[in-house]
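One-letter residues, chain by chain:
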Amino acid sequence: MLSKAVRIDRHGGPEELKIVEVDVGDPGPGEIRIRHKAVGLNFIDTYQRSGLYPFQMPLQLGMEAAGVVEAVGEGVTHLQAGDRAAYASQPPGAYCELRVMPARSVCKLPDGISFETGAAMMLKGLTAQYLLKKTLPVEGLQSGDFIVFHAAAGGVGLIACQWARALGLKLIGTAGTDAKCQLALDHGAAHAINYSTGGFAAKVREITGGKGVKVVYDSVGKDTFDGSIDCLRPLGLLAVFGNGSGPVPPVSLGTLASKGSLYVTRPTLFTHIATREATQAMADDLFSVVESGAVKIPVDQRYPLVDVQQAHRDLEARKTTGCTVLTL
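Cut-off values and rules
- Residues numbered from 1 in each chain as written.
- Predicted model: local features only at pLDDT ≥ 70, side-chain atom pairs only at ≥ 80, totals over all residues.
- Heavy atoms only, no water.
- Helix = DSSP H or I, 4+ residues; strand = E, 2+ residues; numbered from the N terminus.
- Rg over C-alpha atoms; globule rule 2.2 N^0.38 Å.
- Buried < 20%, exposed > 50% of the residue type's maximum accessible area, 1.4 Å probe, protein only.
- Contact = heavy atoms within 4.5 Å.
- Areas by Shrake-Rupley, 256 points an atom, 1.4 Å probe, with all protein chains shown as cover.
- Lys, Arg positive; Asp, Glu negative; His and termini not counted.
- Charge placed at Lys NZ, Arg CZ, Asp CG, Glu CD.
- Salt bridge = Lys/Arg side-chain N within 4 Å of Asp/Glu carboxyl O.
- Expected span 1.5 Å × (residues − 1).
- Pairing = 2+ DSSP bridges.
- Axes fitted to C-alpha atoms, helices over the stretch in contact; angles between N-to-C directions.

- In the nomenclature of an unreviewed UniProt entry, the protein is known as Quinone oxidoreductase of Variovorax rhizosphaerae.

Here it is, written out as structure tokens:
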């Protein structure tokens, strides 16, 4: 069967993204074939395209999508042909109409959640889940605690704003424009700081009465790292889960000591969804909070698959908010 797909033959800018036709076969043991209805766009896609995260070429991009299972391979018991399904998964390859892929990370999509929402929320929603539920400071998080979340108007950020509010946490969001700060507030952030005006750490100290926060969730990386450290109270945790401004340079462990016995971690989603059981448990938590209405998935941009180059340009230029899907 032929499928349109997006491929790169070398690392580079958005111009390297090419629409090609690929032949899709039958699923082998432990695999499924899925026909996509919508595909999610994520910052990690730009890292893989640019070479920040190097891959062998040629590479078909894309880490999340939703659609209908067409066939299942030997040993796959949690899915069957005709099931609505969604996933965030390695290896890349979601930018296409049809693919064969490992079944392990693919979950049945509840009937109450649309394909667009499913495609938009899996990678970003599961990321928010492991951050707020599993990437915790040594003293834990209790209702009423302040946390800092950078890029709060992005896809992960707007989900985290809502989920943190549901957990009783006071999320201090940062974003690069006043409009994006307002968006974070509208989605449940207790406070919002425009970090383009500088000095966000001082503002966090002011909001917290000089104490600082137990945890900072940082997907911006290089530009915010030092300020993030300065937001933390003693024994605080900095979780760097992305490199929006570039990778963080080497840091002296002595800095962590002098600032109050701090912790730093660099988690990834794919460590957390390494097993079928873990993936399903996290997805069930995400589906539950979305179906309850406590978290709404903001699909703010839609691009046809053939316009994928423009989608990448807009994402990297910080022109997008919330979640973006590629339509088929």
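Section: the overall build of the protein
- In terms of regular secondary structure, the protein is built from 10 helices and 16 strands.
- A compact globule built from 328 residues would reach a C-alpha radius of gyration of about 20 Å, and the protein, at 20 Å, matches this within 12%.
- When the 328 residues of the protein are sorted by exposure, 54% land in the buried category.
- Counting contacts in the protein only where the partners sit at least 6 residues apart, residues at least 24 apart contribute 70% of the total.
- Carbon and sulfur atoms make up 52% of the accessible area of the protein, which totals about 13,100 Å².
- Across the protein, 32 positive and 32 negative side-chain charges occur, with their mean positions spaced 4 Å apart.

Details of the pattern of salt bridges
- According to the stated counting rule, one finds 13 salt bridges in the structure shown.
- Arg-10 is the salt-bridge partner of Glu-16, the closest N and O atoms lying 3.0 Å from each other.
- Overall, Glu-16 belongs to the buried group, its relative accessible area being 10%.
- Through salt bridges with shared partners, a single ionic network connects Asp-26, Arg-33, Arg-35 and Glu-70.

Some thoughts on helix α3 (residues 155-166)
- Counted at 1.5 Å a residue, the expected span for α3 with its 12 residues is 16 Å, and the 17 Å between its end C-alpha atoms agrees.
- For α3, a buried count of 10 out of 12 residues is recorded, marking the element as mostly surrounded by other parts of the structure.
- For α3, every residue scored as buried is listed here: Gly-155, Val-156, Gly-157, Leu-158, Ile-159, Ala-160, Cys-161, Gln-162, Trp-163 and Ala-164.

A few points about the sheet that holds strand β14 (residues 263-265)
- Spatially, β11-β10-β9-β12-β13-β14 is the arrangement adopted by the six strands of the open sheet, whose pairing is parallel. Each end of this open sheet is capped by a strand with a single partner; those strands are β11 (191-194) and β14. Going from strand to strand, the sheet's axes swing by 15 degrees on average, the running direction of each strand aside.
- Pairing analysis gives four bridges linking strand β10 (residues 170-175) to β11, with the strands arranged parallel. When the sheet's bridge partners are listed, Ile-172 is paired in β11 with His-191.
- Lying on the sheet, helix α5 (residues 200-207) is in contact with β9 (146-149), β10, β11, β12 (213-218) and β13 (232-240); it crosses β11 at an angle near 160 degrees.

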